[in-house]
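# Chain and residue survey
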Amino acid sequence: MAKYLVLWEADENKIPVDVEERKAGWLMAIEMSRQDINEGVTTDWGGFVGQTSGFSISEGTHEDVMKTCLKYIPFFRFKVIPFGSMDSVEAAIKAL
């Protein structure tokens, strides 16, 4: 199964100034991310301290990852980087 590093960043223009509205928005995004973990597409998630950005690790097809990212747009932007395991990188090197 393919793995992806997903770097996410909130669109700060869409973050409410009101603290309660801001808190509600962030909690909704975290709950959606928990659902992604429960569904198995996302395997790890983290926020960068002091920033409105973070990362997740996803597994599946590119369609699975695209569908997951699209749920969060326009409030978040993403950079998705496919990556290989140590074993797959080693196999590619040995095949040279």
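That block above? That's the structure.
Just so it is clear, the model here is predicted, and its values are computed rather than measured.

### Section: the packing of aromatic side chains
- Under the definition given, this model contains seven aromatic pairs.
- Ring centres of phenylalanine 48 and phenylalanine 55 lie 6.2 Å apart, and the angle between their planes is 25°; this geometry places the pair in the stacked category.
- Taken together, a centroid distance of 6.1 Å and an interplanar angle of 90° make the contact between tyrosine 72 and phenylalanine 76 edge-to-face. Take tyrosine 72 and phenylalanine 76: they sit in the same class, and that class is buried.

### Here we look at empty space enclosed by the protein
- Applying the stated criterion across every chain yields a total of one cavity of 30 Å³ or more.
- One number sums up the size of the largest cavity: a volume of about 190 Å³.
- Taken together, 17 residues make up the lining of the largest cavity; nearest its centre are Trp8, Ser33, Trp45, Tyr72 and Phe78.
- For the lining of the largest cavity, the leading source of residues is helix H1 (residues 19-39), giving five residues.
- Taken together, the residues of the lining of the largest cavity sort by class into 11 nonpolar, five polar and one charged.

### Notes on unusual backbone geometry
- In this chain, isoleucine 73 is followed by proline 74 through a cis amide linkage whose omega measures 20°.
- Tracing the sequence through the fold places proline 74 in the loop between helix H2 (62-70) and strand S4 (76-83).

### Some details on H1
- The terminal C-alpha atoms of H1 lie 30 Å apart, and with 21 residues this matches the ideal 30 Å at 1.5 Å per residue to within 8%.
- Burial in H1 covers these residues: Ala29, Ser33 and Asp36. The buried side chains of H1 occupy one side of the element, clustering within an arc of 50° when seen end-on. Relative to its buried face, H1 has exposed residues pointing more than 90 degrees away, namely Val19, Leu27, Met28, Arg34, Asn38 and Glu39.
- Packing partners of the buried residues in H1 comprise strand S2 (42-47), H2 and S4.
- Where H1 begins, the side chain of aspartate 18 points an oxygen toward the backbone nitrogen of glutamate 20, at a separation of 3.2 Å.
- Note on H1: the residue one or two positions beyond its end, glycine 40, has a positive phi of about 90°.

Reading the values: the criteria
- Residues numbered from 1 in each chain as written.
- Predicted model: local features only at pLDDT ≥ 70, side-chain atom pairs only at ≥ 80, totals over all residues.
- Heavy atoms only, no water.
- Phe/Tyr/Trp six-rings, centres within 6.5 Å; stacked < 30°, edge-to-face > 60°.
- Buried < 20%, exposed > 50% of the residue type's maximum accessible area, 1.4 Å probe, protein only.
- 1 Å grid on protein atoms, 1.4 Å probe; cavity = no way out; pocket = protein on both sides within 12 Å on 5 of 7 lines; lining within 4 Å.
- Points joined across faces, edges and corners; volume = space filled by probe spheres on them.
- Helix = DSSP H or I, 4+ residues; strand = E, 2+ residues; numbered from the N terminus.
- Nonpolar A, V, L, I, M, F, W, Y, C, P; charged D, E, K, R; others polar.
- Expected span 1.5 Å × (residues − 1).
- Arc of directions from axis to C-beta.
- Contact = heavy atoms within 4.5 Å.
- Polar contact = N/O pair within 3.5 Å; in protein donor to acceptor, adjacent residues only side chain to side chain.

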